[in-house]
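# Analysis of the macromolecular model
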Amino acid sequence: MESTFSSPAETALQLEAGAAGLRTPLGDLDRVYELERVVGFVRDLGCQRVALQFPDQLLGDAGAVAARLEEATGSKVFILGDTAYGSCCVDVLGAEQAGAQALVHFGPACLSPPARPLPIAFVLGQRSVALELCAKAFEAQNPDPTAPVVLLSEPACAHALEALATLLRPRYLDLLVSSPALPLPVGSLNPDPEPLERFGRRFPLAPGRCLEEYGAFYVGGSEAISDPDLDPDLSRLLLGWAPGRPFSSCCPDTGRTQDEGARAWRLRARRRYLVERARDARVVGLLAGTLGVARHREALAHLRNLTQAAGKRSYVLALGRPTPAKLANFPEVDVFVLLACPLGALATQPSGSFFRPVLAPCELEAACNPAWPPPGLAPHLTHYADLLPGSPFHVPLPPPDSELWDTPDVSLITGDLRPPPAWKPSTDPGCSALTPRPQLELAESSPAGECGKSPLPSEFFPYVQATQPQSPPSAASFLSSRSWQGLQPCLGQTPVTAAVTGRRGIAIAYEDEGSS
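The structure displayed is predicted, hence computed values, not measured ones. (Residues numbered from 1 in each chain as written. Predicted model: local features only at pLDDT ≥ 70, side-chain atom pairs only at ≥ 80, totals over all residues. Heavy atoms only, no water.)

### Considerations on the overall build of the protein chain
Using the following cut-off: Strands are runs of DSSP state E lasting at least 2 residues, helices are runs of H or I lasting at least 4, and numbering of each runs from the N terminus. When accessible area is computed with a 1.4 Å probe and restricted to protein chains, residues below 20% of their type maximum are described as buried, those above 50% as exposed, and intermediate ones as partly exposed. Two residues qualify as a contact provided that any one of their heavy atoms is within 4.5 Å of a heavy atom in the partner residue. Accessible areas in this description were obtained via Shrake-Rupley with a 1.4 Å probe; residue shielding takes into account the shown protein chains only.
Scanning the protein chain for helices and strands turns up 15 helices and 23 strands. Within the protein chain, the proportion of its 516 residues that are buried is 41%. Considering only intrachain contacts with a sequence separation of at least 6, the fraction spanning at least 24 residues in the protein chain is 71%. Total accessible area on the protein chain stands at roughly 27,300 Å², and carbon and sulfur atoms take up 56% of it.

Here is the structure:
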């Protein structure tokens, strides 16, 4: 029975980190992981404790890389694995717990600024690129030599873009080469003019030019990927690129090209559907998807204020990496918004596997801010920092007495007329009406609708504001209607007994169950 429906228990107990068949040969470690550059980085800083962060697929090489670095630098090296959120983000919290003075990040990275200052070196990898095949593919996709085109790539192929541009520049006059937006070395001066930074890349635009004028040629991906829509880096570019400009991709191994226009249209259509779902939602779950990216607290406060202004109730949930099983525990939530880095917000599992849709912060902004430009005119912002004050894309909420809040709106999903949000000042006498509710712990809510903009103070958590019948139900009332409300502590209500030895083993085969 055990071998028919599941793997044997010994398999889980003997599982090793990383894929043993995919480990890098010892002779190639220096080249693949750029150990010479990493050793120079550690020596220049004079660090005694260094943290190494690996994604899951590279953990098999972590021990050998750490041993090489300890031998070459004499520093104490720590390996960070199994990050709480996405492995593309720098785990500054884990590095601080180890007392590390610097961090080296291996593998794909979102290049988001960390929440706390820490010297960081990125090793993106160097994937082999067939330059001749890619150059021929570029010429086939771009027959006009005067058309402006940007060369893009996945992080592991960025090292080959300049060499590819060298082959193309004799014929193509307006060619722009992007580069990863790696942090500048300590003490270095910013280039003049400063290049444009978007999508985790730098674009050295000439004065008077803008990125929306350029088409794109992306080098990356693999023909072995069954669903290219799940590639978060390519999805970020397709969503944020100018809709009217051509975008094509090229496999670096075979030179096979593909026009990404249809895929970009499909992604944008999916995002517009999610905006409509957010507009229909009455209860929004805000998922804390990062703790190590800068301005995440400010972004969380912005999203709570946004939902409250739109007359929706919001709940902040810290669940680590979102999975369908975790989110299914909150059936009262209509939509979830994942506050994460640009790659983490797009790297969730296929939407069909979730009980409720999972949105990016930009979709919630488009749904709740009536001053946001209409579809087709508003850019799709992949980083939540672009929504905050100080960004050129920030759109402030209109005042409560603005006519934008009273604009009639019809749901494109249900066909019903959406009522305007009832946003009243906190001096409204209706806010004094409080009704008791069952005591709940570890729940933080943001009451919205009839009773003002500010959430209730902590001493009022056992209560919920009385609103009109159309206001969203609270989580407490929803929980009280369930037949099973979870484990209850029942302090002082159970007899005290001596501790006894429990069952031993794992759930698939305890020791007292035998081999059957």
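We are not done yet, so read on.
### Concerning helix H10 (residues 261-280)
Selection rule: Here, expected helix span is obtained from the residue count minus one, scaled by 1.5 Å.
For H10, with 20 residues, the first-to-last C-alpha span of 29 Å sits near the 28 Å given by 1.5 Å per residue. All buried positions along H10 are accounted for by Arg263, Ala264, Leu267, Arg268, Arg271, Leu274, Val275, Glu276 and Ala278.

### Some words on the sheet that holds strand S9 (residues 201-203)
Pairing between the strands of a sheet is mediated by backbone hydrogen bonds and can be parallel or antiparallel. The condition that has to hold: Should DSSP find at least two bridges between two strands, the strands are regarded as paired.
Pairing in this open sheet of three strands is antiparallel, and the strands run S7-S9-S8 from one edge to the other. Strand pairing shows two members of the sheet lacking a second neighbour, strand S7 (179-180) and strand S8 (196-198), which therefore form its edges. For S7 and S9, the ladder comprises two bridges, and the chain directions are antiparallel. Its bridge partner lying in S9, Pro180 is registered against Arg201.

### Things to note about the sheet that holds strand S2 (residues 76-80)
Test applied: Orientation is described by axes fitted as lines to C-alpha atoms, over the contacting stretch for helices, and by angles from 0 to 180 degrees between their N-to-C directions.
Pairing within the open sheet is parallel, and its four strands lie in the order S2-S1-S3-S4. With one partner strand each, in any of the chains shown, S2 and strand S4 (120-123) form the two edges of the open sheet. Strand-to-strand twist across the sheet, computed as the mean angle between neighbouring axes with direction ignored, equals 20°.

### Details of the environment of Glu363
Tracing the backbone shows Glu363 in helix H14 (residues 361-368). As a C-alpha pair, Glu363 and Arg279 span 84 residues in sequence and 9.6 Å in three-dimensional space. When sequence neighbours within four positions are dropped, the list of residues in contact with Glu363 reads Arg271, Leu274, Val275 and His380.

### Description of the packing of aromatic side chains
Threshold: Any two of the Phe, Tyr and Trp rings considered here, Trp counted by its six-membered ring, make a pair once their centres fall within 6.5 Å; the pair's planes then place it as stacked at under 30 degrees, edge-to-face at over 60, or tilted in between.
Taken as a whole, this structure holds eight aromatic pairs when the rule is applied. Note on Phe54 and Phe106: the rings are 4.6 Å apart at their centroids and 10° apart in plane angle, and the pair reads as stacked. One end of the pair, Phe54, is in the loop between strand S1 (49-53) and helix H5 (62-73); the other, Phe106, is in strand S3 (residues 102-106), and 52 residues separate them in sequence. Both residues of the pair, Phe54 and Phe106, count as buried. Geometrically, the ring pair formed by Phe138 and Phe217 is edge-to-face, given 5.0 Å between the ring centres and 80° between the ring planes. Within this pair, whereas Phe138 is found in helix H7 (residues 131-141), its partner Phe217 is found in strand S10 (residues 215-219), the two being separated by 79 residues in sequence. Across the pair, exposure class does not vary: Phe138 and Phe217 are buried alike.

Keep in mind these numbers describe shape, not what the thing actually does.
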